[in-house]
Each structure stands twice: as C-alpha cells, then as structure tokens.
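Descriptive analysis of the structure
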Amino acid sequence: MIFEYYRKMKTFFISVSIFACCQLFAQSDKVVKWTATAEQESENTYILTLSAKIDKSWHVYSQFISDEGPVKTSVRLENADKLELVGKSTEEGIRKEGFDDIFGMDLIKFSNQMTIKQRIKSLQPLDSISGDIEYMTCNNEICYPPVEVHFKTPVNKL
C-alpha cells in the first residue's frame, strides 16, 4: 500500500515537472517573434535578414559574446555545405553593452528589436533560404531556456 502511494506521487511529480518544462519553452516564443526575408543581391549572392521583435523588459543576447555566459544567438542554415557565408553577419537594433547582474559579466544584448544580416553566396540559384535560429531570452529576474526557431523564406529575385 505504501509503495502504491509512492508510485502515484512519483508519477504526479514527473507529470508536473514535464508540464512546467514545456511551459517554460513555450513562453520564450511568446516574448520574442522572429521573421525572415531574403533578397537577391547579384546573380549568386543573397542577403538574409532575420528580425526579432522582443517584448518590453525582455532581451536577446548577441551572436558575439563569450561562451561562458548565456547562450548566444546563432544561426544555422540548411544545406550549409552548398552555401558560402560572405563576411561576418551584422547586428542592428537597440543594443546594450555592459555588465549583466544575472550572469556577473560584460555582455551585449538587444531589447525591443534585433536584426541579423548575412550575405550568402551560392553556386546554384536559390528560391528560398531556410534554417534555425537558436537564442536565449531573459528579463531582469528570469531567463527562459534556449530555444530553436525554424525559418524558411522565399528569395525576392532581382
């Protein structure tokens, strides 16, 4: 009888933990919304633009921070072996650089909006560009676990 009670309690706590974890992952998508566009720049060169709209009091971390703190924003392109990144990506938006109390280190983070631009070269014409954006979002009190968001955007041709 006592074992049955412990089994039920264990099942209950596992269920609650899974639900809470799923809720945390779902919340990240509610405070940050990503959009993607792609423009053909020349015959085989394209500009990929990824834009984040970030809710008030939340922020997303730069691609160009240390691996020792929060998860930095990163972009992984599908079919990357057939594409060549031309130069380093750029970041624009409402940028804050300085000491972060949550992580106890200097960081670069974006509030309200963040735009990443990357020039891409391809040997074959592209109709669309797709991939995943991984990012982490925090406010002054909590951080959500890192999330991956898939994107696919048609290429606006010349």
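Scroll up a little and you will see the structure.
Summary of the structure given here. No experiment lies behind these values; they were computed from the predicted model shown.

**Looking at the nonpolar core**
If you look at the biggest cluster of nonpolar residues, it comprises 33 residues, and the most contacted ones within it are Val32, Trp34, Leu50, Ile54, Met114, Ile129 and Phe151. When contributions to this core are tallied by element, the ones reaching two or more residues are β1 (32-42), β2 (45-54), β3 (59-61), β6 (105-122), β7 (128-135) and β9 (147-156). Here this core takes seven residues from β6, the largest share from any one element. In this view, phenylalanine 151 contacts Ala36, Leu48, Leu50, Val75, Leu77, Ile129, Ser130, Gly131, Asp132 and Ile133; residues no more than four positions away in its chain are not counted.

**So, the layout of surface pockets**
To find leftover empty space, a probe the size of one water molecule is rolled over the atoms. Space inside the largest pocket adds up to approximately 190 Å³. Forming the boundary of the largest pocket are Glu78, Asn79, Lys82, Leu83, Ser122, Leu123, Gln124, Leu126, Ser128, Ile129 and Ser130. With three residues, β7 is the largest single contributor of residues to the lining of the largest pocket. Tallied by class, the residues present in the lining of the largest pocket amount to four nonpolar, five polar and two charged. Estimated volume of the second largest pocket: approximately 160 Å³. Lining the second largest pocket, in full, are Leu48, Leu50, Gln63, Val75, Arg76, Leu77, Ala80, Leu85, Ser89, Ile116 and Gln118. Ranked by residues supplied to the lining of the second largest pocket, first place goes to strand β4 (residues 74-77) with three residues.

**Things to note about the pattern of salt bridges**
Scanning the model with the defined rule gives seven salt bridges in all. The partner of glutamate 148 in a salt bridge is arginine 76, with the nearest N and O atoms 3.4 Å apart. Pair noted here: glutamate 148 is in strand β9 and arginine 76 is in strand β4, with a separation of 72 residues, a long-range link. A relative accessible area of 45% means that arginine 76 is categorised as partly exposed. In this structure, aspartate 100 and lysine 109 form a salt bridge, with 2.8 Å as the shortest nitrogen-oxygen distance. On the basis of relative accessible area, aspartate 100 is assigned to the buried category, the value being 3%. One connected set of salt bridges, linked through shared partners, spans Arg76, Asp132 and Glu148.

About the cut-offs
Residues numbered from 1 in each chain as written. Predicted model: local features only at pLDDT ≥ 70, side-chain atom pairs only at ≥ 80, totals over all residues. Heavy atoms only, no water. Core = buried A, V, L, I, M, F, W, Y, C linked by side-chain atoms within 4.5 Å. Buried < 20%, exposed > 50% of the residue type's maximum accessible area, 1.4 Å probe, protein only. Helix = DSSP H or I, 4+ residues; strand = E, 2+ residues; numbered from the N terminus. Contact = heavy atoms within 4.5 Å. 1 Å grid on protein atoms, 1.4 Å probe; cavity = no way out; pocket = protein on both sides within 12 Å on 5 of 7 lines; lining within 4 Å. Points joined across faces, edges and corners; volume = space filled by probe spheres on them. Nonpolar A, V, L, I, M, F, W, Y, C, P; charged D, E, K, R; others polar. Salt bridge = Lys/Arg side-chain N within 4 Å of Asp/Glu carboxyl O.

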